[in-house]
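Chain residues, written in single-letter form:
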Amino acid sequence: DTAVSQTPKYLVTQMGNDKSIKCEQNLGHDTMYWYKQDSKKFLKIMFSYNNKELIINETVPNRFSPKSPDKAHLNLHINSLELGDSAVYFCASSQDGGQGNTIYFGEGSWLTVV
Amino acid sequence: GNSVTQMEGPVTLSEEAFLTINCTYTATGYPSLFWYVQYPGEGLQLLLKATKADDKGSNKGFEATYRKETTSFHLEKGSVQVSDSAVYFCALSDGGSNYKLTFGKGTLLTVNP
C-alpha cells in the first residue's frame, strides 16, 4: 500500500488552464505538505497543513490554492497556469509538526505547462 | 534564516569506492538533520536522520554524524554500489518545528560498474 499517493503522476497542459493535483496519505498523520522541485532539482516548501489548518504559506502566488477536506487529504489547485509553473510537485506527510519527525513523500506529479 | 549547503555535484565514482558528500548548515536553535535520497523518476525517501548533537544516523551502509561545533552533517559510505546512483539531499528542520524542512540543492551521485 502506498503511504502517500498523489495523482496524476504526469500532467501536460496549456498556459492559462486550471488544474488540480490530489494527495492522500494513509499513515494517520496530522501534518501534510506540498513541495515544489524545479528543473535544477531544488526543493522548496509551498504549504504545510496540520489537522486541516494552514500552518505555512511560503510566498506562493495566489493562483495556488491548497485544500484540505480532511487530515488525510491535501489537494493543490492551480489557476491560470504559467510556463514557470512547470515543475515536479511533491505531496508529503508527517506524524505532526514536531522536530525530528520523518516526513514521507509521495512519488511526485510532473507538471509541464506548454 | 535557515540554510543548507551541500557540495556541488555531480559526483561520479567507481563501484566499491568511498563516498563523502559534504553538508553544512545555518540554523537558529537546535535543528534536526536529515539525508533524503531520490532515485531516478521517484519521490524522496528518508535515508537517515539525527536529532541532536553527536548523534549518528545510519542506514543501508550510509552514515552521518551531527557535528554542532562545525555545523555539519556529512554523508559517508565505505563502498558504494551502482544501485546507490541517485540524488542526495541534506535537510534540516526548524528548531522546535518540522513544519518547514529546508533542503540543500542536492548532489547527483553516479556509480559506474
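To be clear, the structure that these remarks concern was listed above.
Computed from a predicted structure; not experimentally measured.

With that settled, consider the sheet that holds strand 9 (residues 75–77) of chain B. All names here are of chain B. Pairing is antiparallel in the open sheet, where 4 strands are placed in the order 3-9-8-7. Two strands close off the open sheet at either side, each with one partner strand: strand 3 (19–21) and strand 7 (56–59). Strand-to-strand twist in this sheet, taken as the mean axis angle between neighbours without regard to direction, amounts to 15°. Bridge count for strand 7 against strand 8 (residues 62–65) is 4 bridges, and the pairing is antiparallel. Directly across from Lys56, in strand 8, lies its bridge partner Thr65.

Taken together, the contacts link 28 residues of chain A with 27 residues of chain B. Taking both sides of the interface into account, the surface hidden between chain A and chain B amounts to around 2100 Å²; carbon and sulfur atoms contribute 56%. Summed over the three residues of chain A that lose the most area to chain B, namely Leu43, Gln99 and Phe105 of chain A, the buried surface amounts to 27% of that side. Linking chain A to chain B there are 0 salt bridges. On the surface where chain A and chain B come into contact, there are 4 residue pairs in polar contact (both at pLDDT 80 or more). The set of elements that each furnish at least two residues to the side of chain A that touches chain B consists of strand 4 (31–37), strand 5 (43–50) and strand 6 (53–57) of chain A. Classifying every residue of the side of chain A that touches chain B by side-chain character gives 11 nonpolar, 11 polar and 6 charged.

What follows is about the state of the cysteines. Any covalent bond linking the sulfur atoms of two cysteines counts as a disulfide. The final tally for this structure, using the stated rule, is 2 disulfides over all chains. Between Cys23 of chain A and Cys91 of chain A runs a disulfide, and the two sulfur atoms are separated by 1.8 Å. Its S-S torsion of about -80° marks the bond between Cys23 of chain A and Cys91 of chain A as left-handed, since a negative value means left-handed. Here Cys23 of chain A, found in strand 3 (residues 19–25), pairs with Cys91 of chain A, found in strand 9 (residues 87–94); they are 68 residues apart in sequence, far enough to count as distant. Judged on exposure class, the residue Cys23 of chain A and its partner Cys91 of chain A are both buried. A sulfur-sulfur distance of 2.0 Å marks the disulfide that ties Cys23 of chain B to Cys90 of chain B. With the S-S dihedral at roughly -70°, the linkage between Cys23 of chain B and Cys90 of chain B falls on the left-handed side. Of this pair, Cys23 of chain B sits in strand 4 (residues 23–26) while Cys90 of chain B is found in strand 10 (residues 86–93), placing the two residues 67 residues apart along the sequence. Per residue, the accessibility class of Cys23 of chain B equals that of Cys90 of chain B, and both read buried.

Residue and element names in this part refer to chain B. In this structure, Leu19, Trp35, Leu47, Leu48, Phe73, Leu75 and Tyr88 are the most contacted members of the largest nonpolar core, which totals 26 residues. Residue contributions to this core peak at 4 residues, all from strand 10. Aside from chain neighbours lying at most four places away, what touches Tyr88 is Gln6, Ile21, Trp35, Tyr36, Val37, Leu47, Phe62, Leu75, Gly106, Thr107 and Leu109.

Cut-offs and rules
- Residue numbers restart at each chain and count upward from 1, following the sequence in its written direction.
- Working convention: letters from A go to chains and numbers from 1 go to ligands, in the order in which they are written.
- The predicted nature of this model means local features are confined to residues of pLDDT at least 70 and side-chain atom pairs, given and counted, to a pLDDT of 80 or more, with totals for whole chains, interfaces and linings taken over all residues.
- The side-chain quantities take in all heavy atoms of the structure and omit both hydrogens and water.
- In this scheme, strands are said to pair when DSSP sees at least two bridges between them.
- In DSSP terms, a helix is any run of H or I states spanning at least four residues, a strand is any run of E spanning at least two, and both are numbered starting from the N terminus.
- In this analysis an axis means a line fitted to C-alpha atoms, helices contributing only their contacting stretch, and an angle means the value between N-to-C directions, from 0 to 180 degrees.
- The contact definition used throughout considers only heavy atoms, calling two residues in contact when any of these lie within 4.5 Å.
- Buried area: the accessible area, evaluated with a 1.4 Å probe, that two parts lose upon being put together, summed over both parts.
- Definition used for salt bridges: Asp or Glu carboxyl oxygen within 4 Å of a side-chain nitrogen of Lys or Arg.
- Each polar contact in these results corresponds to two N or O atoms within 3.5 Å; when the atoms are within protein, one needs to be able to donate a hydrogen and the other to accept it, and residues that are neighboring in sequence are counted only if both atoms are side-chain atoms.
- Only Asp, Glu, Lys and Arg are considered charged, only Ala, Val, Leu, Ile, Met, Phe, Trp, Tyr, Cys and Pro nonpolar, and every remaining residue, Gly among them, polar.
- In plain terms, two cysteine sulfur atoms within 2.5 Å form what is called a disulfide here.
- With a 1.4 Å probe rolled over the protein chains alone, any residue whose accessible area is under 20% of its type maximum counts as buried; one over 50% counts as exposed, and the rest are partly exposed.
- Take the buried Ala, Val, Leu, Ile, Met, Phe, Trp, Tyr and Cys residues and link them wherever side-chain atoms come within 4.5 Å; each set so joined is a nonpolar core.

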